[in-house]
Amino acid sequence: MADGRIRFLPSRLRFLCQNVFAFYCLFIGYRFYLFFVWATENGHYTPRPPSVEAFLPIGALLSLKQFILTHRYDPIHPAGLTIFIAVLVVSFLFRKGFCGWICPIGFASELLNTMGRHAAQLFGHGTPRHGLLRTPAWLEYPLLLLKYLLLGFFCYLILWKMDLAALEQFSRSPYSLTADGRMLLFFFHPSRLTLIVILCLLGLSLVFRNFWCRYLCPYGALLGLPAMVSPLQVARDKTTCIDCKKCEDICPSSLPITAKTLLRSPECIGCLECVSHCPRKDCLTLASPFAKKLPPLALPAGLLTVFLTIWLAAEVTGHWHSAIPDDTLRHYYQTIK
Ligand code: SF4
Ligand code: SF4
């Protein structure tokens, strides 16, 4: 048996990493709120944090198409495009590691599921690892399809329907310039329908494991495509496997790990929880075509190095800060308040 402290290291490191990025996002959100107050109500000036553009993935898809067609890097939301490219690159190299190690929405979804399981324990239902309720097997694939349908809808609108002129017109429009502010208002002044949808999603995430990520997130669906050809996979040695199913019980994506010897699924978020919780030494390992067995920490180390390097490269080469001065943005923000 593997030594417990080392065995659970990827799991603990992941929790730490998710916390760091979640707190960073909260900090960025707070700084953006201060900027918004300054821009709309004459508060104390706080510079707009470029990282807030990470929450505009549809805008980033538009920018990527423009970049491919014109070779011009989006001067208005460059940080959004940089983060989008970084996420696509790490998904190709390290599976959907962005979802498993960085994404704050994925982290919140896992926390909600943990809360649901603890609530189940309070009411005497034990602590089912898979969540309070389990999706019936016949419904699993139709539900998994939903996020790909949403992705297909956005790709149809942006990649197929919008030509270059339409893209450029949209990216310079007041709506695009203030998209982050509109998103803030959307959450600060939600309509009744928005509130109902958010409450439904929170409730479903409490009782079903990773409901949003597994079934509805089109961003996760997109990242699953490069992840399918990722050189890293979780491998299972069936000669040492004792079929205890601990890996499947802990897997946030509820994957049928014991039915495979190599996991290429676009649903695998590279979290390594299965590797951490497998009781048999070297039964579940991280593998690539170049090395049959890699240290599990190679995945987060590589993922964070590549992600942060792209971020840093964008800062140094001037592809991070918007070309639109905050004073100009302020003029547009005042039109949406
Ligand atoms: S946790 Fe390990 S030993 Fe148990 S079923 Fe999964 S792969 Fe096999
Ligand atoms: S198969 Fe393993 S690495 Fe992939 S999502 Fe499930 S637990 Fe995480």
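Before any of the text, the structure's been laid out above.
Residues numbered from 1 in each chain as written. Chains lettered and ligands numbered in written order. Predicted model: local features only at pLDDT ≥ 70, side-chain atom pairs only at ≥ 80, totals over all residues. Heavy atoms only, no water.

**Here's the deal with the overall build of the chain**
Thought 1: When its secondary structure is counted, the chain shows 17 helices and 3 strands.
Thought 2: In terms of overall dimensions, the chain has C-alpha extents of about 65 × 50 × 40 Å along its principal axes.
Thought 3: Out of the 337 residues belonging to the chain, those deemed buried represent 46%.
Thought 4: Residue pairs at least 24 apart in sequence account for 77% of intrachain contacts in the chain once pairs closer than 6 positions are excluded.
Thought 5: Counting every atom, the chain has about 17,600 Å² of accessible surface; 70% of that belongs to carbon and sulfur.
Thought 6: Between the averaged position of the 32 positive side-chain charges in the chain and that of its 19 negative side-chain charges there is a distance of 7 Å. (Helix = DSSP H or I, 4+ residues; strand = E, 2+ residues; numbered from the N terminus. Buried < 20%, exposed > 50% of the residue type's maximum accessible area, 1.4 Å probe, protein only. Contact = heavy atoms within 4.5 Å. Areas by Shrake-Rupley, 256 points an atom, 1.4 Å probe, with all protein chains shown as cover. Lys, Arg positive; Asp, Glu negative; His and termini not counted. Charge placed at Lys NZ, Arg CZ, Asp CG, Glu CD.)

**Remarks on the sheet that holds strand E2 (residues 262-263)**
Thought 1: Spatially, 3 strands are ordered E2-E1-E3 in an open sheet, and the strand pairing comes out antiparallel. Strands with a single pairing partner mark the edges of an open sheet, and in this sheet they are E2 and strand E3 (284-287). (Pairing = 2+ DSSP bridges.)

**Quick look at the site of ligand 1**
Thought 1: Close to ligand 1 lie 14 residues; Cys241, Cys244, Lys245, Cys247 and Cys278 are nearest.
Thought 2: Partitioned by chemical class, the residues of the shell around ligand 1 number 8 nonpolar, 1 polar and 5 charged. (Near = heavy atom within 4 Å. Nonpolar A, V, L, I, M, F, W, Y, C, P; charged D, E, K, R; others polar.)

**Here's the deal with the packing of helix H2 (residues 9-41) against helix H17 (residues 326-333)**
Thought 1: Where H2 contacts H17, the two axes come as close as 8 Å, and the packing angle between them is 70 degrees. As far as their axial angle goes, H17 and H2 are roughly perpendicular. Seen from H2, the contacting residues are Phe32, Phe35, Phe36, Trp38, Ala39 and Thr40; seen from H17, they are Asp326, Asp327, Leu329, Arg330 and Tyr333.
Thought 2: Each residue belonging to the contact of H2 with H17 can be placed in one class, and the counts come to 7 nonpolar, 1 polar and 3 charged. (Axes fitted to C-alpha atoms, helices over the stretch in contact; angles between N-to-C directions. Parallel < 35°, antiparallel > 145°, perpendicular 65-115°, else oblique.)

**Here's the deal with a nonpolar patch on the surface**
Thought 1: Among the surface-exposed residues, Leu9, Leu13, Leu16, Val20 and Leu297 lie close enough to one another that they form a single nonpolar patch of about 390 Å² accessible area.
Thought 2: Looking at the secondary structure, you find Leu13 in helix H2. (Patch = residues over 30% accessible without salt bridge, like charges linked within 9 Å, V, L, I, M, F, W, Y side chains within 5 Å. Salt bridge = Lys/Arg side-chain N within 4 Å of Asp/Glu carboxyl O.)

**Focus: the pairing of E3**
Thought 1: Judged by which residues are buried, E3 turns out to be covered on both faces: Leu284 and Leu286 on one side and Thr285 and Ala287 on the other are all buried.
Thought 2: Relative to E3, strand E1 (residues 233-236) runs antiparallel, the two sharing 4 bridges. Each residue of the ladder has a partner; that of Ala235, found in E3, is Thr285.

**Quick notes on unusual backbone geometry**
Thought 1: With a phi angle near 60 degrees, His71 is a residue other than glycine that sits in the positive phi range.
Thought 2: Structurally, His71 can be placed in the loop between helix H3 (57-70) and helix H4 (78-94).
Thought 3: For His71, a relative accessible area of 66% gives the class exposed.
Thought 4: Even without glycine at this site, Lys245 takes up a positive phi of about 70 degrees.

**Overview of the pattern of salt bridges**
Thought 1: For the structure on display, the rule yields 10 salt bridges.
Thought 2: With a shortest N-O distance of 2.8 Å, Arg48 and Asp180 are connected by a salt bridge. One end of the pair, Arg48, is in the loop between H2 and H3; the other, Asp180, is in helix H10 (residues 179-188), with 132 residues separating them in the sequence.
Thought 3: Across the salt bridge formed by Arg214 and Glu140, the nearest N and O atoms sit 2.9 Å from each other. Taken together, the residues Arg214 in helix H12 (residues 211-216) and Glu140 in helix H7 (residues 137-161) connect sequence positions 74 residues apart. Judged on exposure class, the residue Arg214 and its partner Glu140 are both buried.

**As for the packing of aromatic side chains**
Thought 1: Summed over all chains, the structure comprises 20 aromatic pairs.
Thought 2: With 5.2 Å between their ring centres and 75 degrees between their planes, Phe211 and Tyr215 make a pair best called edge-to-face. Of the two residues, Phe211 and Tyr215 are both situated in helix H12; the distance of 4 residues between them amounts to about one turn of the helix.
Thought 3: Since its relative accessible area comes to 10%, Phe211 is described here as buried.
Thought 4: In this structure Tyr215 comes out as buried when scored by relative accessible area, which is 0%.
Thought 5: An aromatic cluster is defined as three or more aromatic residues linked by ring pairs; in this entry it consists of Phe21, Tyr24, Phe84, Phe98, Tyr219, Phe307, Trp311 and Trp320. (Phe/Tyr/Trp six-rings, centres within 6.5 Å; stacked < 30°, edge-to-face > 60°.)

**Examining helix H16 (residues 298-316)**
Thought 1: Along its 19 residues, H16 runs 26 Å from first to last C-alpha, staying within 8% of the 27 Å computed at 1.5 Å per residue.
Thought 2: Considered for burial, the residues of H16 that qualify are Leu299, Pro300, Gly302, Leu303, Phe307 and Ala314.
Thought 3: Buried positions along H16 lie against H2, H4, helix H5 (97-102) and E3.
Thought 4: Note on H16: the residue one or two positions beyond its end, Gly318, has a positive phi of about 80 degrees. (Expected span 1.5 Å × (residues − 1).)

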